[in-house]
Amino acid sequence: MITFREKGKSLTLIEKIVALAVEQRDLQSTGKAFESVLGRCQRLCYDLKDLLQPYQERGVFLDAHMADLTSPLIAFIVDQVSRKEPHAWPKSCHLICSTLYLIFKVRGLSKAPFGHFPHEISLIEPVLDQAEVLLLTESGNEGSEALEGWESKFIMLVWISVLLLAPFPFSSWPTADVPMRIARCCTTALQGHCERLHRAAALCLARLIAREDILQNSVKNDFFAQLSALPEITSVSEDPNGRQSPCILVAHQLSKLPTLRNMPNSELIAIAQAASRAWGLRGVPKKIVVAL
């Protein structure tokens, strides 16, 4: 029987990676030289990659160990986000997020990321603040998504999509503009050139749209009016390279959401019609209903 025999070595490497990440963060925050520590941390990340990559086609063997593998890394990110200093995202955070992405990828991106992030309502604001800095501020540089650090954006989008599933009411969100702020982060990622971010952003936006808070609350009309005004979100065609448009990606994610399968037809139709009005996609309602 094949098992995850590298668990011990992997956990040791992760422990060292986190320790060096903390050291690098402290050095960077005090203005001291941190390049040597960052380099050591990066080399350990490469060592971990060499251990995990052979399990790419048999990620199921990581199932029983996912919490142990991801908890130290997520704890570091939670601590950093909780400091509420979004503009002080240390370089080691990119390595931590890259390592998390590696683990999720080996296990399978369709399910692996979503059961491990904390989802307290108090985290919405700091996580969203950090996502805005990474996605809205740093994305202003052309080609920035191709550079090291896109994994941080991916992790923030995945984390927000997890928070959107938490059963807290819209009224408990920190401010009324939270839905639109999330939508802007998602649409910014959808307009970029990183396909990995496209999938995470589409799922995040679909989960936002599918919330009863959005569909039944008085903010619905205003939210969809603002959403439809965002650049490029109304595009329905594919570009010459075969890349799917943002609205098609989001519609596809909507059709797969388990929560929709349990909704009455009236609510399902409301979701489809609202999305259709926002994007001008006449075929979306039929696509979603058929997929269900």
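Residues numbered from 1 in each chain as written. Predicted model: local features only at pLDDT ≥ 70, side-chain atom pairs only at ≥ 80, totals over all residues. Heavy atoms only, no water.

1. Details of the packing of aromatic side chains
So, step 1. This model, assessed by the stated rule, comprises five aromatic pairs.
So, step 2. Considering the side-chain rings of F104 and F117, the 6.0 Å spacing of their centres and the 55° angle between planes classify their relative orientation as tilted. Highlighted residues: F104 in helix α4 (residues 91-107) and F117 in the loop between α4 and α5 (124-137), separated in sequence by 13 residues. Comparing F104 with F117 shows no difference in burial state: the two are buried. (Phe/Tyr/Trp six-rings, centres within 6.5 Å; stacked < 30°, edge-to-face > 60°. Helix = DSSP H or I, 4+ residues; strand = E, 2+ residues; numbered from the N terminus. Buried < 20%, exposed > 50% of the residue type's maximum accessible area, 1.4 Å probe, protein only.)

2. Some details on the packing of α5 against helix α7 (residues 178-191)
So, step 1. Look at α5 against α7: their axes get within 10 Å of each other, and the N-to-C directions meet at 35°. Read as a crossing pair, α5 and α7 show a hand that is left-handed. Together, I124, E125, L128, D129, A131, E132, L135 and L136 of α5 and V178, R181, I182, R184, C185, T188 and A189 of α7 make up the contact between the two elements.
So, step 2. For the contact of α5 with α7, the class distribution of residues is nine nonpolar, one polar and five charged. (Axes fitted to C-alpha atoms, helices over the stretch in contact; angles between N-to-C directions. Left-handed = near helix turned anticlockwise from the far one by under 90°. Contact = heavy atoms within 4.5 Å. Nonpolar A, V, L, I, M, F, W, Y, C, P; charged D, E, K, R; others polar.)

3. Topic: the pattern of salt bridges
So, step 1. Counted under the stated rule, the structure contains seven salt bridges.
So, step 2. Residue K7 is joined to D68 by a salt bridge in which the shortest nitrogen-to-oxygen separation is 2.9 Å. Taken as a pair, K7 in helix α1 (residues 7-29) and D68 in helix α3 (residues 66-82) lie far apart in primary sequence, 61 residues in all.
So, step 3. D79 is the partner of R25 in a salt bridge, and the nearest nitrogen-oxygen pair spans 3.0 Å. Of this pair, R25 sits in helix α1 while D79 sits in helix α3; the two residues are 54 residues apart in sequence, bridging distant segments of the chain.
So, step 4. D79 gets classed as partly exposed once you look at its relative accessible area, which sits at 34%. (Salt bridge = Lys/Arg side-chain N within 4 Å of Asp/Glu carboxyl O.)

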